[in-house]
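Each chain, written out:
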Amino acid sequence: MVPCAVFPLHNGKTGKKDAIMALDHDKGVWKSGKGKGRKTPKGRQLDDQAWDDVRALLGDRPRRADLLIEYLHLIQDAHGHLSAAHLRALAEEMRLSQTEVYEVATFYAHFDVVKEDETPPPALTIRICESLSCELAGAQALKQALLDDLPADQVRVVRAPCMGRCDTAPALHLGHHSIDHATVDKVRSAIAAGHTHADIPDYETFDAYRAQGGYDALLGCRDGGDWEAVQAQVAASGLRGLGGAGFPSGKKWGFVRAEAGPRYLAVNGDEGEPGTFKDRWYLERTPHLFLEGMLIAAWAVAADRVFIYMRDEYPAVIRILRDEIARLVDAGIVADGFIDLRRGAGAYICGEESAMIESIEGKRGIPRHRPPYVAQVGVFGRPTLVHNVETLIWVTRVLREGPEILSSVERNGRQGLRNYSVSGRVARLGVYLLPAGSTIRDVIAAAGGMADGHVFKAYQPGGPSSGLLPASLDDVPLDFDTLQPHGSFIGSAAVVVLSDRDSARAAALNMLEFFADESCGQCTPCRVGCEKAVKLMQADHWDRDLLEDLSQVMVDASICGLGQAAPNPIRLTIKHFPDEV
C-alpha cells in the first residue's frame, strides 16, 4: 500500500481528505483508461445466429419462465442437443440468467448440453432400458451387441431407466420410436427405414367415447351438480390414491376446496417407478376415460386450470392427449388453454408431487420441504389438487357405474379393484385388473402362470421402493396397509416376478443403482447414501451391519420418499436371502 501524504489543514490540523485531494493533481495517478475497457460484458456472448434460431423456434409463444423446459425440448428436438450458444440465446430471449437455464437443462436426463469445446452427440440416440424387468430379459447383452454392431460416430447407445414398457421387455427407444422385444435386427431395420418417430396405437377417440355416453357424468355435474355429493360417492367407493401413497381420494377434494382460489389441478403422469406401465396401457387405449375423470375432479375443486405432467418416455401418449384435448376444445367441453399439457424430461424424482410441481414451474425437480402441503401451496403458490392417472380413471367409473364398482368387490377381507402391472418370469406379461386382496399367487395365475422352465422364487410387489419378498410370503394380500408388517408396501402395484434362475442379490443391486442414478441430489443422506450402498453391495460379501446403519440414516434423514424407501431392497434381501449376501 502506498502511504498518503499528510498536509496541514486551515485550523492547523492534518487529515487524509486533504491528502487524497492533493493526489488528484499528481500526474500519472489517475489514468484515462482509454483503450483499456472491455468491449463486451463478462461471460458467454450472445450469438446472433443462435438467437435467430431460438426466436424462430419459439415463434409467438409467451416468454414465461415456467415454460423453460418446454422450450428446451423445442431446441433439443430441432438440433439433437443443447449447444452453449443456444442456451445463451434462450436465456436472453426469456430474460433469465444463464445459470438458471443451465442448471435446469443439466438436471434432466433427456437434455444433451454441449459446450463450445465438446462434440455434439450423433444424430441418432438409442436408450436401452436397464431396469429390473428388462435386465431379466437380456438388456445388458442387447446393449453390448448394439455397441459392437453400430458405428459409434452415427449412433449413440446409452443406458436408461424404466420406460414403462416392461410387458415387452427388453425395450428401447430409437429417437422417439419405441422398439418392443428389441433385437439388433429390429434396430437395424428401424434405422434403415428412418423410423425414429412414435407410433400411435389405435385408441378410443372423442367421437367414439361420446357416442357411448362419455362426458355425460361431467356435464351432469356441471348442470347443477353438488360437489359434496360427488365427493361422498367417491368416498363411499373406497377409492384411494393409486400413485403409491394411497390417501383417500375424496378427502383431498375437501382440503383443496376449503382454500381460497384460484385453485389448480395437477395430474401426475410421471409413471417412472420401474415395473409400472398401467397408466400408459390405459392412456393408449381409452384416454377419455381419464380425461373425463380429470375434468370432474377439476369441477369438484373449482380449479381455474389443469396441468397434465406426462413423462417424456411416453411420446405416443403425449401425442394422443394433445390431439384429444384439441377435440375437447372444439366440442366446447373445455375452453382453450384450460388444460395445459406439460412434457417431462427424464427425471424419476418428478413422480414426487412437489418435485413435479417444481418441474411444471420450469425448474429442477427438487422435492419441497413440508409443510406447507401442496393442497395449500402448490403450483405457482396456489392450492393444488394432485391426482394420479389411474385414480382419475376410477373417478369416471365410480360416477358412471356407482360406488359399488369398487366397494362391492371383496377378497381376503379387502375391498376394491387394483390394476397390477405384471412382468418378469411369468407367461403373459401385462396389466391385470384383479380384486385388491389378491395374493401374488393370484397375480401369477392371472398372468398365465410362471414362464416355462421357471420356478417361483421371489417378487417385487410395488416397484423397487417396495423391495423384494420371498415366494414363501405368497398368501399376503397385495393391497394398501397389508405389506407394511413385512417391511414393504404395494406402491404402484408394479409386480416383478423372479424365478429360481435369478439372483435376489443382483436384483437388489439393480434397484439401488437405479436410486443412485435418480436421486435429485438435494439431501446428503439420499445422494451419498445410495452411492455408498451400491459400492457396498458390489463387494463379494455384504457388510450387513454397515449397510443397516446406512439404511437407518437414509430412512431417518432423507427429505422425500426416494431416500426413505431406497433401503428396502437392502433390508429385505438380507432378511429373506441371507445365503446370497
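Fair warning: this is a prediction, and the values are worked out from it, not measured in the lab. (Residues numbered from 1 in each chain as written. Predicted model: local features only at pLDDT ≥ 70, side-chain atom pairs only at ≥ 80, totals over all residues. Heavy atoms only, no water.)

Any details on the sheet that holds strand E17 (residues 456-460)? Residues and values, ideally.
Across the sheet, which stays open at both edges, the five strands sit in the order E16-E15-E19-E17-E18 with mixed pairing between neighbours. Looking at strand neighbours, the two that pair on one side only are strand E16 (430-435) and strand E18 (469-470), the edges of this open sheet. (Pairing = 2+ DSSP bridges. Helix = DSSP H or I, 4+ residues; strand = E, 2+ residues; numbered from the N terminus.)

Could you give me a rundown of the environment of Ile339, with the residues and numbers involved?
Structurally, Ile339 can be placed in strand E11 (residues 339-343). Considered as a pair, Ile339 and Glu100 are 239 residues apart in the sequence and their alpha carbons are 27 Å apart. Not counting residues within four places of it along the chain, the set of residues in contact with Ile339 comprises Met294, Leu295, Val306, Ile308, Ile325, Leu328 and Val334. (Contact = heavy atoms within 4.5 Å.)

Residue-level account of the layout of surface pockets, with values.
Of the volumes computed, that of the second largest pocket is approximately 840 Å³. Forming the boundary of the second largest pocket are 31 residues, of which Arg61, Glu70, Ile318, Arg322 and Leu341 lie nearest the centre. Among the elements that make up the lining of the second largest pocket, the one with the highest residue count is helix H15 (residues 315-330) (seven residues). When grouped by side-chain class, the residues that make up the lining of the second largest pocket number 16 nonpolar, four polar and eleven charged. (1 Å grid on protein atoms, 1.4 Å probe; cavity = no way out; pocket = protein on both sides within 12 Å on 5 of 7 lines; lining within 4 Å. Points joined across faces, edges and corners; volume = space filled by probe spheres on them. Nonpolar A, V, L, I, M, F, W, Y, C, P; charged D, E, K, R; others polar.)

A description of helix H14 (residues 287-300) should follow, citing residues and the corresponding values.
With 14 residues, H14 should cover 20 Å at 1.5 Å per step; its first-to-last C-alpha distance of 20 Å lies within 8% of that length. Burial of H14 is extensive: 14 of the 14 residues sit out of reach of the surface. Downstream of H14 by a residue or two, Ala302 has a phi angle that is positive, lying close to 55 degrees. (Expected span 1.5 Å × (residues − 1). Buried < 20%, exposed > 50% of the residue type's maximum accessible area, 1.4 Å probe, protein only.)

Explain the packing of helix H21 (residues 524-537) against helix H22 (residues 544-557) residue by residue, including any values.
Contact geometry for H21 and H22: axes closest at 10 Å, N-to-C directions at 160 degrees. For the element pair H21 / H22, the angle class is roughly antiparallel. The handedness of the crossing between H21 and H22 comes out as left-handed. Within the contact between the two elements, H21 uses Pro525, Gly529, Cys530, Lys532, Ala533, Leu536 and Met537 and H22 uses Leu546, Leu547, Leu550, Val553, Met554 and Ala557. Class assignment of the residues belonging to the contact of H21 with H22 gives a composition of eleven nonpolar, one polar and one charged. (Axes fitted to C-alpha atoms, helices over the stretch in contact; angles between N-to-C directions. Parallel < 35°, antiparallel > 145°, perpendicular 65-115°, else oblique. Left-handed = near helix turned anticlockwise from the far one by under 90°.)

On their own, these measurements won't tell you what the molecule is for.
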